[in-house]
Amino acid sequence: MERIISPSILAADFGILGEQIASVRKGGAAWLHIDVMDGEFVPNLSLGLPVIKSIRPRSDIFFDVHLMINEPIRYIRDFAMAGADGITFHVEAASNPQSTIDEIRRCGKMAGISLKPGTPVDEIMPYLDQVDMVLVMTVEPGFGAQTFMRDMLDKVRRLRRISDEEGRNLFIEVDGGINRNTIREAIEAGTNVFVAGSAVFNGDIEKNVAELVSIAGENNG
Ligand code: DX5
Ligand code: ZN
């Protein structure tokens, strides 16, 4: 299965965001991870619709939008219109995950469901056959540059096993603490989409992305 690097612009310099996205693209990333926070579901604020709208015309890269907001169903259409290609929401934040998935589908976007470190995989089981992707958080959502929680890879292993048994190609994404070392552990567990913020945007962006892309491409059969 194709392995995808999705650099998280949370760690970018927003003063030169357009240039930094161009570097991400030059490094070979297929996706761009966009973290949206509401200060309620997580104790931080990040960016929202106007930023997504402004960067959309500058790049054809896949916009992997990670909503860390309460009752995301209220804004799915807006994010779809702003230019999201994939929309991922948190199971803990939605009073009706099924309707939220239906709304993402109605907008014609790729649907993802995410779970915080403390949330067991069982919580998303009822929706697994409805989504294209599961985002397994490997840090507490809200902030970049935290330490990778490797116990979360048990969730990835279980999800990959289910996906294989059912003969589907579920996208399994990890987010938080991914760098050139931890990505190998995540690959081993069966992850195929890797979010990386600080490991990409600290230093030479193009080179950092190229290195992660190259590791992700190793032994990929
Ligand atoms: C955390 C965000 C992540 C974050 C990852 O809530 O969802 O996408 O930017 O940052 P790093 O890669 O620095 O852990
Ligand atoms: Zn994220």
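Protein coordination of the zinc ion (ligand 2) is provided by His33 (NE2), Asp35 (OD), His66 (ND1) and Asp175 (OD), with donor distances spanning 2.0 to 2.3 Å. Between the donor residues of the zinc ion (ligand 2), the gaps in sequence give the motif H-x1-D-x30-H-x108-D. With a gap of 109 residues between them, histidine 66 in strand 3 (residues 62-68) and aspartate 175 in strand 7 (residues 171-175) connect regions that are remote in the sequence. Each member of the pair, histidine 66 together with aspartate 175, is buried.

Mapped onto the fold, histidine 33 is located in strand 2 (residues 31-37). A relative accessible area of 0% places histidine 33 in the buried class. Expressed as a C-alpha distance, the spacing of histidine 33 and serine 8, which sit 25 residues apart in the sequence, is 4.4 Å. Those residues in contact with histidine 33 that sit more than four places away from it in its chain are Ser6, Pro7, Ser8, Ile9, Asp64, His66, Leu135, Glu173, Asp175 and Val195.

Moving on, we come to the packing of helix 1 (residues 17-26) against helix 8 (residues 205-217). In contact at an axis separation of 7 Å, helix 1 and helix 8 are set at 35° when each is read in the N-to-C sense. Crossing of helix 1 against helix 8: the hand is right-handed. In this structure, helix 1 contributes Gln20, Ser23, Val24 and Lys26 to the contact, and helix 8 contributes Ile205, Glu206 and Val209. Among the residues making up the contact of helix 1 with helix 8, the classes are represented as 3 nonpolar, 2 polar and 2 charged.

Bringing the site of ligand 1 into the picture now. Around ligand 1 there are 20 residues in total, and Asp35, Gly142, Asp175, Gly197 and Ser198 lie nearest to it. Contacts to ligand 1 include glycine 142, whose backbone N or O atom sits 2.7 Å from an oxygen atom. Note that an oxygen atom of ligand 1 is positioned 2.8 Å from one of the backbone N or O atoms of alanine 145. Protein coverage of the free-state accessible area of ligand 1, which is 380 Å², stands at 99%. Broken down by secondary-structure element, the contributors of at least two residues to the shell around ligand 1 are strand 2, strand 3 and strand 8 (193-196). With 3 residues, strand 2 is the single largest residue contributor to the shell around ligand 1.

Moving on, we come to helix 1. Three or more residues of helix 1 are buried, namely Leu17, Gly18, Gln20, Ile21 and Val24. Mapping the buried residues of helix 1 onto a view down its axis gives an arc of 165°, with all of them on the same face. Structural note: helix 1 exposes Glu19 and Lys26 on the side pointing more than 90 degrees away from its buried face. Looking one or two residues past helix 1, glycine 28 carries a phi angle of roughly 105°, positive in sign.

Looking now at the nonpolar core. Core analysis: the biggest nonpolar cluster contains 64 residues, and Ile9, Ile34 and Val134 have the highest contact counts within it. In terms of residues, this core owes the most to one element, helix 8, which gives 5 residues. Non-local contacts of isoleucine 34, meaning those with residues more than four positions away in its chain, are made with Ile9, Leu47, Ile52, Ile55, Phe63, Asp64, Val65 and His66.

Calculation rules
- Residues numbered from 1 in each chain as written.
- Chains lettered and ligands numbered in written order.
- Predicted model: local features only at pLDDT ≥ 70, side-chain atom pairs only at ≥ 80, totals over all residues.
- Heavy atoms only, no water.
- Donors = N, O, S within 2.8 Å, 3.2 Å for Na, K, Ca; no water.
- Helix = DSSP H or I, 4+ residues; strand = E, 2+ residues; numbered from the N terminus.
- Buried < 20%, exposed > 50% of the residue type's maximum accessible area, 1.4 Å probe, protein only.
- Contact = heavy atoms within 4.5 Å.
- Axes fitted to C-alpha atoms, helices over the stretch in contact; angles between N-to-C directions.
- Left-handed = near helix turned anticlockwise from the far one by under 90°.
- Nonpolar A, V, L, I, M, F, W, Y, C, P; charged D, E, K, R; others polar.
- Near = heavy atom within 4 Å.
- Polar contact = N/O pair within 3.5 Å; in protein donor to acceptor, adjacent residues only side chain to side chain.
- Areas by Shrake-Rupley, 256 points an atom, 1.4 Å probe, with all protein chains shown as cover.
- Arc of directions from axis to C-beta.
- Core = buried A, V, L, I, M, F, W, Y, C linked by side-chain atoms within 4.5 Å.

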